[in-house]
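Observations on the model geometry
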Amino acid sequence: MTETAPVDERPPTAADHSFFGHPRGLLTLFGLEMWERFSFLGMQAILVLYFADTLAHGGLDMPSNTAASVTAAYGTLVYLVSVAGGWLADRVLGTYRAVLWGGVLIACGHYSMAVPAGAMTWVGLGLIIAGTGLLKPNVSTMVGKLYATDDERRDAGFALYYMGINIGAFLGPLITGWLGQKVGWHWGFSAAAIGMTFGLAQYVLGRRGLAGRKHSAEFALPPTAMRRAGLLIAGGLVALVAVALALHAAGWLTMDRTVDAVTVISVVAPVVYFTVMFRSPRVTAPERGRLRPYMVLFAASVVFNFILFQSYSTMTLLAADHARTSVLGFDFPSTWYNSVLGVVEVVLAPFVAALWVRMGRRQPHASHKIAYGVILGGLSFLVMVPATTGRAGDWKMAAWWLVVSYVLLGLGDILLETTGMSATTKLAPAAFASQTMALWFLSLALANGIQAQTVKLFGEISNALYFGANGAVAVIAGVAVIAVGPWLRRTMHPVH
């Protein structure tokens, strides 16, 4: 007798067209990720400004470059923990519970940051790091579970899901930015907390439409190993806190050293990960051959995201100090510029997707799409060179400089992120298939780790030199990927 999967593990039938022709569970995940991005990116739009603002105005009074460096270190930890979050969902919690508890931790983190006390800021950021690490890598897995493998709606479903992400990315900076800059930083953090609460509420209310709702982890550890893993995780966390407190008491654990340690981890982690894959006996020779071109794409992702993530650090600081924030007599907070990325991706993503469909087999190879994305990222920084050259004192630049920069960056993100994630799933060895998202997150962690060091130069050298040098490196990297295109096309099969 054939064993059937538990009812809650099966994808909904093809007859479920409740949400724009898609399973009703997609609406639940669409809403959850929209509110999660609203809270995460809304908070991040004001985080660096909160760090840099004076104590009298409710900030933490950090120098601007230190504020940018700490913001980047925070982003690094989010993506490093996401690697562990995928493993916990696979082996211990299951995806539904991992996402649920991740959302609870994120909401608690934002509510903690809403308390006007410096210590609560760090408690809140720690909770958000842990929560995002659980939630972020597993929501997309749940979207995939809504469809049978051969369901033709699958790609369109993911497109709708990413639309939710971009709507959240657009709305978050508008609301939290307005409250943070016009009323008070902790009011902005409160808005992020409320948004995440909305996302959690509709996630729980819509749980009946989700596959894997009640079942335990898909590849659960045996009971003995589960207990051992729990003890090791708890013991490791206690030891980490104890060491951190001891180092702090000894005066060694300074902010700069903490940031440096996070950067070192972001460099070591992918080196270890790739070494394990190359040496694993479970990886075949052809798979090992595909890992080599993937390392080029991994490096391209690092370079692009190094630029992208600065939209929430150096670009945010530049806009706050030097961008015009009045249009036709209407004054708006500088953090509204961060919403341009969300608008660009909502508007342009369907056109880019339609272009690839129209071009068919004539469309550029995946490596070229990624290279074009990196080049556009570099150009978004080079635009800032004429905007900042020769400026001194209290100067202001026109809004269109930042808008053009963000349009280029958003288009580059559309080209690189979707193509890069797709290539990752196809090039990763079969033995590591369940950890493909971990590979991608490691590239994002490394990008933030490098950024945590380079942004220390912001304000120490001229803005034109800073943005020019960073932008030039990205453009050169993109051209280099195009130059090795023939080798990539030969070695990246089955990626086209």
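Relevant structure appears above.
1. Side note on the side chain of Asn166
For Asn166, the position within the fold is in helix 5 (residues 154–182). By relative accessible area, which is 12% here, Asn166 ends up buried. Not counting residues up to four positions away in its chain, the partners in contact with Asn166 are Gly342, Glu345 and Val346.

2. Side note on a nonpolar patch on the surface
Judged by side-chain polarity, Val264, Val267, Val268, Val271, Val272 and Val276 come together as a nonpolar surface patch covering roughly 470 Å² of accessible area. Topologically, Val268 is positioned in helix 8 (residues 255–279). The class for Val268 is partly exposed, based on a relative accessible area of 43%.

3. Overview of the layout of surface pockets
Roughly 1,900 Å³ of volume is contained in the second largest pocket. In this structure, the second largest pocket is lined by 44 residues; those nearest its centre are Leu77, Val81, Ile129, Leu237 and Leu240. Only helix 2 (64–93), helix 4 (118–145), helix 7 (223–249) and helix 8 provide two or more residues apiece to the lining of the second largest pocket. Tallied by class, residues from the lining of the second largest pocket come to 36 nonpolar, seven polar and one charged.

4. Overview of the nonpolar core
Generally speaking, nonpolar side chains in soluble globular proteins are found buried as a group. Among the nonpolar cores identified, the biggest contains 102 residues, and Met43, Tyr74, Met384, Met397 and Leu402 are the most heavily contacted of them. Filtering out sequence-adjacent residues up to four positions away, Met384 remains in contact with Met315, Leu318, Met397, Trp401, Leu402, Ser405 and Phe467. Membership of the second largest hydrophobic core comes to 21 residues, among which are Leu26, Leu135, Leu146 and Tyr203.

5. As for the packing of helix 1 (residues 24–52) against helix 6 (residues 185–205)
When two helices pack together, you describe them by how their axes are tilted relative to each other and by the distance separating the axes. Running from N to C, helix 1 and helix 6 point in directions that differ by 165 degrees, and their axes come no closer than 8 Å. What the angle tells us is that helix 1 and helix 6 run roughly antiparallel. In this structure, helix 1 crosses over helix 6, and the sense of that crossing is left-handed. Each residue belonging to the contact of helix 1 with helix 6 can be placed in one class, and the counts come to 17 nonpolar, eight polar and one charged.

6. Section: the side chain of Asn448
With respect to the helices and strands, the residue Asn448 is situated in helix 15 (residues 436–454). The class of Asn448 is buried, set by a relative accessible area of 4%. Contact partners of Asn448, with chain neighbours within four places excluded, come to Ala72, Gly75, Thr76, Tyr79 and Phe309.

7. Overview of empty space enclosed by the protein
A full pass over the atoms with the stated rule returns two cavities of 30 Å³ or more. Along its surface, the second largest cavity is lined by Gln44, Thr71, Ala72, Gly75, Phe309, Ser313, Asn448 and Gln451. When residues of the lining of the second largest cavity are assigned to their parent elements, the largest contribution, three residues, is made by helix 2.

8. Observations concerning the packing of aromatic side chains
Inspection of the entire model under this criterion finds 20 aromatic pairs. Between Tyr50 and Phe51, the ring centres sit 6.0 Å apart and the planes meet at 35 degrees, which makes this aromatic pair tilted. Ring geometry for Tyr96 versus Tyr203: centroids 5.0 Å apart, planes at 20 degrees, classification stacked. Pair noted here: Tyr96 is in helix 3 (residues 95–113) and Tyr203 is in helix 6, with a separation of 107 residues, a long-range link. Counting every residue linked through ring pairs, the aromatic cluster contains Tyr50, Phe51, Trp122 and Phe189.

Calculation criteria
- Residues numbered from 1 in each chain as written.
- Predicted model: local features only at pLDDT ≥ 70, side-chain atom pairs only at ≥ 80, totals over all residues.
- Heavy atoms only, no water.
- Helix = DSSP H or I, 4+ residues; strand = E, 2+ residues; numbered from the N terminus.
- Buried < 20%, exposed > 50% of the residue type's maximum accessible area, 1.4 Å probe, protein only.
- Contact = heavy atoms within 4.5 Å.
- Patch = residues over 30% accessible without salt bridge, like charges linked within 9 Å, V, L, I, M, F, W, Y side chains within 5 Å.
- Areas by Shrake-Rupley, 256 points an atom, 1.4 Å probe, with all protein chains shown as cover.
- Salt bridge = Lys/Arg side-chain N within 4 Å of Asp/Glu carboxyl O.
- 1 Å grid on protein atoms, 1.4 Å probe; cavity = no way out; pocket = protein on both sides within 12 Å on 5 of 7 lines; lining within 4 Å.
- Points joined across faces, edges and corners; volume = space filled by probe spheres on them.
- Nonpolar A, V, L, I, M, F, W, Y, C, P; charged D, E, K, R; others polar.
- Core = buried A, V, L, I, M, F, W, Y, C linked by side-chain atoms within 4.5 Å.
- Axes fitted to C-alpha atoms, helices over the stretch in contact; angles between N-to-C directions.
- Parallel < 35°, antiparallel > 145°, perpendicular 65-115°, else oblique.
- Left-handed = near helix turned anticlockwise from the far one by under 90°.
- Phe/Tyr/Trp six-rings, centres within 6.5 Å; stacked < 30°, edge-to-face > 60°.

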